[in-house]
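# An overview of the molecular structure
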Amino acid sequence: MRSLLDDAGRMRIRKRLEGVDVEKKEFLKAALRETGKGDVPMRRAAVLVPLCTVSGVPSVLFTRRSTALNNHAGEVCFPGGMVDEKDTTFAETALRECQEELGSELDVEMLGRYHDFPGRGHLVVSTYVGYLGEVQVDEVQKKANKAEVEEVFTLSLSELSNVATHSTWKHPCGVDLPVFNAGDPNNRIWGLTGIILYAVLYNVIVQDEVPHRVCRYMGRLREAMI
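In this report, we go over the structure that sits alongside the text. Residue positions are given per chain, counted from 1 along the sequence in the order it is written. In keeping with the model being predicted, local features are shown solely for residues with a pLDDT of at least 70 and side-chain atom pairs are shown and tallied solely at 80 or more, while totals for entire chains, interfaces and linings include all residues. As a rule here, side-chain values cover all heavy atoms of the structure and leave hydrogens and water aside.

### Brief notes about the environment of proline 58
Note the threshold: Helix and strand labels come from DSSP, where a helix needs a run of H or I of at least four residues and a strand needs a run of E of at least two; each type is numbered from the N terminus. For this analysis, residues touch if any pair of their heavy atoms sits within 4.5 Å.
Tracing the chain through its elements places proline 58 in strand S2 (residues 57-65). Counting along the chain gives 52 residues from proline 58 to aspartate 6, while the straight-line C-alpha distance between them is 8.8 Å. Aside from chain neighbours lying at most four places away, what touches proline 58 is Met1, Arg2, Leu5, Cys52, Thr53, Ser156 and Leu157.

### Comments concerning the pattern of salt bridges
Stated precisely, the cut-off is as follows: For this analysis, a salt bridge means a side-chain nitrogen from Lys or Arg found within 4 Å of a carboxyl oxygen belonging to Asp or Glu. Whether a residue is buried, partly exposed or exposed follows from its accessible area with a 1.4 Å probe, protein chains only, as a fraction of its type maximum: under 20%, in between, or over 50%, in that order.
If you walk through the whole model with that rule in mind, you get 10 salt bridges. Between arginine 10 and aspartate 7 there is a salt bridge whose closest N-O contact spans 3.0 Å. Pair noted here: arginine 10 and aspartate 7 are both in helix H1 (residues 7-18), with a separation of 3 residues, about one helical turn. In this structure, glutamate 97 and arginine 96 form a salt bridge, with 3.1 Å as the shortest nitrogen-oxygen distance. A relative accessible area of 10% means that glutamate 97 is categorised as buried.

### Re the layout of surface pockets
Spelled out, the test is: We place a 1 Å grid over just the protein atoms. Points where a 1.4 Å probe fits but has no way out form a cavity, open points with protein on both sides within 12 Å along at least 5 of 7 lines form a pocket, and any residue with an atom within 4 Å of a point lines it. Grid points are joined across faces, edges and corners, and a volume is the space filled by probe spheres set on the points.
One number sums up the size of the second largest pocket: a volume of about 170 Å³. Leu102, Gly103, Glu105, Leu106, Asp107, Leu132, Glu134, Val135, Gln136, Glu139, Val140 and Lys143 together form the lining of the second largest pocket.

### Side note on the side chain of threonine 93
Position of threonine 93 relative to the elements: it lies in helix H3 (residues 90-102). When its relative accessible area of 0% is taken as the criterion, threonine 93 is described as buried. What threonine 93 contacts, discounting residues up to four positions off in sequence, is Ala46, Gly81, Met82, Val83, Asp84 and Asp87.

### Description of H1
Inclusion rule: One fewer than the residue count of a helix, multiplied by 1.5 Å, yields its expected span. Think of it as the arc spanned by the lines of direction from the helix axis to the C-beta atoms.
Compared with the 16 Å implied by 1.5 Å per residue over 12 residues, the 16 Å span of H1 between its first and last C-alpha is a close match. Within H1 the residues assigned to the buried category are Gly9, Arg10, Ile13, Arg16 and Leu17. An end-on view of H1 places all buried positions within 120° of arc, on one side of the element. Projecting away from the buried face of H1 at angles above 90 degrees are the exposed residues Asp7, Lys15 and Glu18. Against the buried residues of H1 lie strand S1 (43-54), strand S5 (109-119), strand S6 (123-134) and helix H6 (191-205).

### What about the pairing of S5?
Put simply, the test is: Strand pairing is assigned whenever DSSP detects at least two bridges linking the two strands.
Within S5, 9 of the 11 residues are buried, which leaves the element mostly enclosed by the surrounding structure. Of the pairings in the sheet, the one linking S5 to S6 comprises 8 bridges and is antiparallel in character. Bridge pairing in S6 places phenylalanine 117 opposite valine 125. Between S5 and S6, which pair antiparallel and follow one another directly, the connecting turn spans 3 residues, one of which, glycine 121, has a positive phi of 65°.

### Quick word on H3
Taking 1.5 Å per residue, 13 residues should reach 18 Å; H3 reaches 18 Å between its end C-alpha atoms and fits that length. Those residues of H3 lying buried are Thr93, Ala94, Arg96, Glu97, Cys98, Glu101 and Leu102. In this structure, the buried side of H3 is in contact with S1, S2, strand S4 (80-82), S6, helix H4 (137-143) and strand S7 (149-156). Phi turns positive, to about 115°, at glycine 103, one or two residues after H3.

Printed below as a string of structure tokens:
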């Protein structure tokens, strides 16, 4: 899998993301129906899925939120947050939040935009994929905003695509949602982060390398996704 994030690999990811119709509403509407939200006014946020290499190994970088935060304390997530009135695009929101959480020196190569996803509390989250290059996790941890970030860690694409580490949890509305159990048991990846990771991982990054194993929730939505 080492070639997945080299120059040619990132170009493939760019082309796949260029093929995503971000204005296509069928996916988001279907997702809202699945989670019981329907057509209601939505708030906006954006996240960045930060791809990187660690000692040359293609990986994804995650953060675990500070336990002192009021919302989603201690949960694993991607860098991101609510749209600010000064932001002119959702991409700007994702990059700004990433640098606020992990340090302004962070250099992000934006690869493209994926589908929007429904979050808690009538929230719509725009999803972007970026590449950080080779990272030293300890150095990123030192520069991370400790008021927001408890821990920075990475998992390789090989670990994340190992189906033996996958499971599901049942949403109160009855659908099964993906869970990633690779790595530290304290860093289980689930909820909206798990959904976004599952979709981006299998539909954008490793689709040519790993057979797509779709859980029930994602299977219902797959026809509306690219």
